Amino acid sequence: MRRELVRKIRNRSANVAVIGLGYVGLPLALQIASAGFKVVGIDLDQNKIATLKAGKSYIGDAADETVAGALATGRFLPTSEFAALRDVDTVSICVPTPLSKSRDPDISFILSATEKIRKYLHPGQLIVLESTTYPGTTDELILPELESSGLRVGRDFFLAFSPERIDPGNTSFNTRNTPKIVGGITEECTEIAHIFYSQFIERVVPVSSTKCAEMVKLLENTFRSVNIGMVNELALMCDVLGVDVYEVIDAAATKPFGFIPFYPGPGLGGHCIPIDPHYLAWKLKALNFQARFIALAAEINGMMPTVVTTMVGEGLNRFSRSIRGSKVLILGVAYKKNVSDCRESPALDVMRMLIQKGAVLSYNDPFVATLRMNGNTMKSVDLTSANIASQDCIVILTDHSDYDLHRIIAAAKLVVDTRNATKDLQQFKDKIIKLGAGNSIASFARHPDDSENAPMSLLTH
Ligand SMILES: NC(=O)c1ccc[n+]([C@@H]2O[C@H](COP(=O)([O-])OP(=O)(O)OC[C@H]3O[C@@H](n4cnc5c(N)ncnc54)[C@H](O)[C@@H]3O)[C@@H](O)[C@H]2O)c1
């Protein structure tokens, strides 16, 4: 069983399935197809399948030509039919793992995909979960479900966890050159998963168990969440102290060892950093252990949209204006630069708060043509100089490379900069309020005598 599967993998005659063709699954499926495998891409979303069948892509990291090229080779077969699993030798699961309304892990997508796999499970298959999830998901949930078929892991089929590490919009690191962790239920499971991924990924790193592999991913994203939380708090400290946090970070980053720069911003976004640490904290809570760094980072990062809203209010105050009735234009609603993904974007929170306070709000994002906000559809507006000049405040939330900031800021009356995007535009500094630069929300708390007037809900929250 094992030998036959390895033989097929090595000579590329193994049929591969990828379940879930989103930001993770589509680039993965295309990468596997480009290595010479026949790949069935399965997604429940009929629109995505129709788009792919027409040779088009819907995500930035997969070009239309790549999709069309893969289709033309006959090695990429997008479908919504799970019966295709009947003929495949390997299955990689890349479905979403969001949080429920009560902020608990929602693993229903993983469970539903696993049920489909179990229906078509046959001897000699390798099953790999790639979705980020809490430690124990693969061996406590997926394994029993698959073994309920009567087949045995390590004997009849092989099961592993291999976290996806894709970084959308990253032009240096992609599926092929980002090292991949694999951890199997048995040593053979790890070995076969290692062999499979080595066919199309430059470096594969085996670990001793599925739980370890699950934990690796959560360490990586918790590391980012905690460090971003720390630096966001540092930005507020610098504001109180009247020091530019970016100057501090850039100077500290000259230390060639023991320091990694992280930068403040309007809050966390995307499908990973704001969510994944909660998976770990939730699991630990069930084991009576409190993940305190995770909770504190979530609290500080979650407060940043409120900080930005306060900065807007402070800026308008300079002109004796209130947020209510002021025209505010948001630049960038995607959660990070040069991508279109708005999932969990802090821009959505900032926009909701500003609307709630009565701002006359509009936005521009070259990657996001329309946006649902409070039940309405908003359209990205044009950045004409006349439109910019008519605004009471411009808020830079995502510093897309396309923005001609010199032109925008020259025309603007007031700019709130949450990304240090204006660092080279010092000539306009009098109209710029920058996060963590000693001139935004906490500035009036600088004098100890006035400290009772500081916005304590923000500073000591
Ligand atoms: N987006 C990232 O940057 C990133 C990076 C690393 C890891 N991850 C992790 O990868 C996983 C997938 O994330 P994503 O960003 O690709 O999500 P996504 O929402 O972009 O894509 C998931 C796809 O799965 C499909 N789907 C849902 N349930 C399905 C089912 N039962 N069968 C078939 N298809 C189904 C959806 O229609 C969707 O197209 C998540 O666990 C996420 O945490 C994401």
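Computed from a predicted model, the values in this text were never measured in an experiment.

*Asks:* What is the right way to read helix H11 (residues 292-317) from this model?
*Replies:* Residues spaced three or four apart along an α-helix point in a common direction, a consequence of the helix completing one turn every 3.6 residues. The end-to-end C-alpha separation of H11 is 37 Å, in line with the 38 Å expected for 26 residues at 1.5 Å each. At Met-304, H11 is deflected by roughly 30 degrees, the largest bend along its length, and proline Pro-305 occurs up to four residues later in sequence.

*Asks:* Would you mind showing me how to read unusual backbone geometry here?
*Replies:* Outside of glycine, negative phi angles account for most residues, and trans bonds account for most peptide bonds. Phi at Arg-12 is positive, roughly 65 degrees, even though this residue is not glycine. Looking at the element boundaries, Arg-12 is found in the loop between helix H1 (2-10) and strand S1 (15-19). The backbone of Asn-420 shows a phi angle near 60 degrees, a positive value even though the residue is not glycine. On the secondary structure map, Asn-420 appears in the loop between strand S14 (415-417) and strand S15 (432-434).

*Asks:* Can you help me understand the sheet that holds strand S5 (residues 125-129) in this one?
*Replies:* An order of S3-S2-S1-S4-S5-S6-S7-S8 is seen for the eight strands of this open sheet, with the pairing classed as mixed. If you trace the sheet from one side to the other, it starts and ends with strand S3 (76-79) and strand S8 (204-207), each paired once. This sheet shows a mean twist of 25 degrees between the axes of neighbouring strands, independent of strand direction. Where strand S6 (residues 157-161) lies against strand S7 (residues 180-184), two bridges are found, and the strand directions are antiparallel.

*Asks:* Teacher, can you tell me more about the site of the ligand here?
*Replies:* As a structural note, the neighbourhood of the ligand is formed by 28 residues, with Val-24, Asp-43, Lys-48, Thr-97 and Arg-343 the closest of them. Within the backbone of Leu-44, a nitrogen or oxygen atom sits 3.5 Å from a nitrogen atom of the ligand. With respect to the ligand, the side chain of Ser-112 contributes an N or O atom lying 3.1 Å from a nitrogen atom. Isolated, the ligand exposes 820 Å² of accessible area, and the fraction of that covered by the protein chains is 94%. In terms of residue count, helix H5 (residues 108-120) provides more of the shell around the ligand than any other element does, three residues in total. Of the residues belonging to the shell around the ligand, the class tally is 15 nonpolar, seven polar and six charged.

*Asks:* Whenever I open this one, a nonpolar patch on the surface confuses me. Can you help?
*Replies:* Among the surface-exposed residues, Met-237, Leu-241, Val-243 and Val-248 lie close enough to one another that they form a single nonpolar patch of about 330 Å² accessible area. Looking at the element boundaries, Val-248 is found in helix H9 (residues 245-252). Assessed through its relative accessible area of 35%, Val-248 is described here as partly exposed.

*Asks:* Even after reading the chapter, I still don't get the environment of Phe-223, so can you show me in this structure?
*Replies:* Along the chain, Phe-223 falls in helix H8 (residues 210-241). Exposure remark for Phe-223: the relative accessible area of 38% places this residue in the partly exposed category. Excluding anything up to four places from it in sequence, Phe-223 contacts Ile-260 and Phe-262.

Conventions adopted
Residues numbered from 1 in each chain as written. Predicted model: local features only at pLDDT ≥ 70, side-chain atom pairs only at ≥ 80, totals over all residues. Heavy atoms only, no water. Helix = DSSP H or I, 4+ residues; strand = E, 2+ residues; numbered from the N terminus. Expected span 1.5 Å × (residues − 1). Bend = angle between axes of the 7 residues up to and from the residue. Pairing = 2+ DSSP bridges. Axes fitted to C-alpha atoms, helices over the stretch in contact; angles between N-to-C directions. Near = heavy atom within 4 Å. Polar contact = N/O pair within 3.5 Å; in protein donor to acceptor, adjacent residues only side chain to side chain. Areas by Shrake-Rupley, 256 points an atom, 1.4 Å probe, with all protein chains shown as cover. Nonpolar A, V, L, I, M, F, W, Y, C, P; charged D, E, K, R; others polar. Patch = residues over 30% accessible without salt bridge, like charges linked within 9 Å, V, L, I, M, F, W, Y side chains within 5 Å. Salt bridge = Lys/Arg side-chain N within 4 Å of Asp/Glu carboxyl O. Buried < 20%, exposed > 50% of the residue type's maximum accessible area, 1.4 Å probe, protein only. Contact = heavy atoms within 4.5 Å.

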